[in-house]
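Now for the letters of each chain:
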Amino acid sequence: MPSPEQVYHLLRPRLHPIRLSLVIPMYNEEATIPFLRAAVTEFLRDLPAETEVIVVNDGSTDATLVKVADWAADEARVKVIHLSRNFGHQLAATAGLDYATGDAIVLIDADLQDPLSVIHEMVARYRQGYDVVYGQREARPGEGGFKRFSAWAFYRLMRTIVDRHLPVDTGDFRLLSRECLDGLQQMREQHRFLRGMVAWVGYPQCAVKYRRDPRVAGRTKYPLSKMLRFAWTAATSFSTLPLQISIVLGMLAGLLGIEEAVRAVVALLAGRTVPGWTSLMVVISILGSAVLIGIGIVGQYVGKIYEESKGRPLYLVARTFNVSSAEEPNRSGTAARTADCAGDSHRGRE
């Protein structure tokens, strides 16, 4: 159910989507591809809709490209987008969303930790009229206590820093309607936090709860160090709270300096010798630290402005497989929709 803090929308029921797009970004997932291929093939077998599977190879250094190219050669519904280098998960996911032509689009990772069967419930919510249906993790079996705690803390920190409407315990596994994706594609910033961007665009949203499975193979691509960098990128890309924190640090340092000054004056009036050097060095160090922290935080924002001002593309595609010229994204990043998906995206099958 949607959060009680969300905007109230009158839902408009839909029929089943004519075309469903699965977007799967990959980086060094050579070991998982055989399992993923079998699971996706089984999932698509009885799905009552046209489907496409968009695999984005994010500059992998192993044999991921070879295996997904073989998959595309055997299955015309599998489209491969091979990026020229590693651009990062968020930009790889953006590339896949840009190439998606479906009425409903599901973003999912390649490690099969998010069960494909949950998509059926997402589609059911889509038919009720929701434009965003995100998977919310109830349990994370197979993960250590520290990993579970760090993930728990990460999502609540992001909710505090980025957006109070950001759902907790949710990754990028979600279904988007075509209307929502069209709005999302208008946001072309370089430093992307898709979860926050989807929350920002609004539209009717709800959660589907599920138990997350262990990875079928390979290693996680999000260790703690990368999660912390991701959190910092999200905070500085989507919020001005770090700037406000730097102001608070400056005020605290200023108060400490005032306290030291008052103490020195009181000691002088009492006729005691004021040592001076120690207190002076403490105050200078604290003030200098606060100033440098503030400058560093401001520098992060200035650097992002500088990178945005260059106007570089979000990603570069080196090669595609099973992608027609009509499905290439235009300059705004929106893929042209094929003839059988053109028109009102509320059309569908009974």
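The structure presented is a predicted model; accordingly, all values stated were derived computationally and were not measured.

Cut-offs applied
Residues numbered from 1 in each chain as written. Predicted model: local features only at pLDDT ≥ 70, side-chain atom pairs only at ≥ 80, totals over all residues. Heavy atoms only, no water. Helix = DSSP H or I, 4+ residues; strand = E, 2+ residues; numbered from the N terminus. Buried < 20%, exposed > 50% of the residue type's maximum accessible area, 1.4 Å probe, protein only. Contact = heavy atoms within 4.5 Å. Areas by Shrake-Rupley, 256 points an atom, 1.4 Å probe, with all protein chains shown as cover. Phe/Tyr/Trp six-rings, centres within 6.5 Å; stacked < 30°, edge-to-face > 60°. Lys NZ or Arg CZ within 6 Å of the ring centre and 35° of its normal. Salt bridge = Lys/Arg side-chain N within 4 Å of Asp/Glu carboxyl O. Arc of directions from axis to C-beta. Expected span 1.5 Å × (residues − 1). pLDDT = per-residue confidence, 0-100. Patch = residues over 30% accessible without salt bridge, like charges linked within 9 Å, V, L, I, M, F, W, Y side chains within 5 Å. Axes fitted to C-alpha atoms, helices over the stretch in contact; angles between N-to-C directions. Parallel < 35°, antiparallel > 145°, perpendicular 65-115°, else oblique. Left-handed = near helix turned anticlockwise from the far one by under 90°.

Let's shift gears to the overall build of the protein chain. Of regular secondary structure, the protein chain possesses ten helices and ten strands. Counting the 350 residues in the protein chain, one finds 47% classified as buried. Taking as baseline every contact in the protein chain between residues at least 6 positions apart, the subset at least 24 positions apart corresponds to 84%. Per element, the accessible surface of the protein chain, about 17400 Å² overall, is 61% carbon and sulfur.

On inspection of all chains with the given rule, the structure shows one aromatic pair. Seen from their ring centres, Phe173 and Tyr210 are 5.6 Å apart, and the 85 degrees between their planes marks the pair as edge-to-face. You can see Phe173 sitting in strand S7 (residues 170-177) and its partner Tyr210 sitting in strand S8 (residues 205-211), a full 37 residues away along the chain. Residue Phe173 is classed as buried on the basis of its relative accessible area of 2%. Given the relative accessible area of 5%, Tyr210 is considered buried. The side chain of Arg14 reaches across the aromatic face of Tyr126, ending 4.4 Å from its centre. Over the face of the ring belonging to Phe87 we find Arg85, whose NZ or CZ atom lies 4.0 Å from the ring centre.

Evaluation of the coordinates by the stated rule reveals eleven salt bridges. For Asp74, the salt bridge is made with Arg37, and the minimal N-O distance between the two is 2.8 Å. On the criterion of sequence distance, the pair formed by Asp74 in helix H2 (residues 64-74) and Arg37 in helix H1 (residues 33-45) is long-range, its members being 37 residues apart. Measuring nitrogen to oxygen at the nearest pair gives 3.5 Å for the salt bridge that ties Asp182 to Arg178. Taken as a pair, Asp182 and Arg178 lie in helix H6 (residues 178-184) at a separation of four residues, close to a single helical turn. For Asp182, a relative accessible area of 34% puts it in the partly exposed group. A relative accessible area of 3% places Arg178 in the buried class. A cluster of three or more residues bridged by salt bridges with shared partners is formed by Arg19, Glu50, Glu52 and Lys79.

The phi torsion at Asn28 lies on the positive side, around 50 degrees, for a residue other than glycine. Following the sequence through the fold, Asn28 ends up in the loop between strand S2 (19-26) and H1.

For H2, every residue scored as buried is listed here: Thr64, Val68, Ala69, Trp71 and Ala72. Taken around the axis of H2, the buried residues stretch over an arc of 155 degrees, which confines them to a single face. Exposed positions of H2 whose direction lies more than 90 degrees from the buried face are Val66, Ala73 and Asp74. At its buried positions, H2 is contacted by S2, H1, strand S3 (50-57), strand S4 (78-83) and strand S9 (317-321).

Turning our eyes to something else, we now look at H1. End to end, H1 covers 18 Å across 13 residues, agreeing with the expected 18 Å (1.5 Å per residue, within 8%). Of the positions making up H1, those classed as buried are Ile33, Leu36, Val40, Phe43 and Leu44. Along the axis of H1, the buried residues cluster in a sector spanning 95 degrees; they form a single face. Buried residues in H1 make contact with S2, S3, H2 and helix H4 (118-128).

A few words now on the confidence of the model for the protein chain. Looking at the protein chain, the pLDDT average stands at 77 and 68% of residues meet or exceed 70. The least confident element of the protein chain is strand S10 (residues 348-349), whose mean pLDDT is 40; the most confident is S4, at 93. Scored below 50 in pLDDT, residues 336-350 shows 41 contacts in the model against residues more than four places distant or in partner chains.

Attention now moves to a nonpolar patch on the surface. Together, Ile245, Val248, Leu249, Leu252, Leu255 and Ile293 line one region of the surface with nonpolar side chains, adding up to about 500 Å² of accessible area. Sort the elements by how many residues they give to the nonpolar patch and helix H9 (residues 241-269) lands first, with five residues. Here Leu249 lies in helix H9.

Contact geometry for H1 and H2: axes closest at 11 Å, N-to-C directions at 25 degrees. Of the possible angle classes, the one that applies to H1 and H2 is roughly parallel. For the element pair H1 and H2, the recorded crossing hand is right-handed. Counting all contacts with H1, which are made through Ile33, Pro34, Leu36, Arg37 and Val40, the residues of H2 involved are Thr64, Lys67, Val68, Asp70, Trp71 and Asp74.

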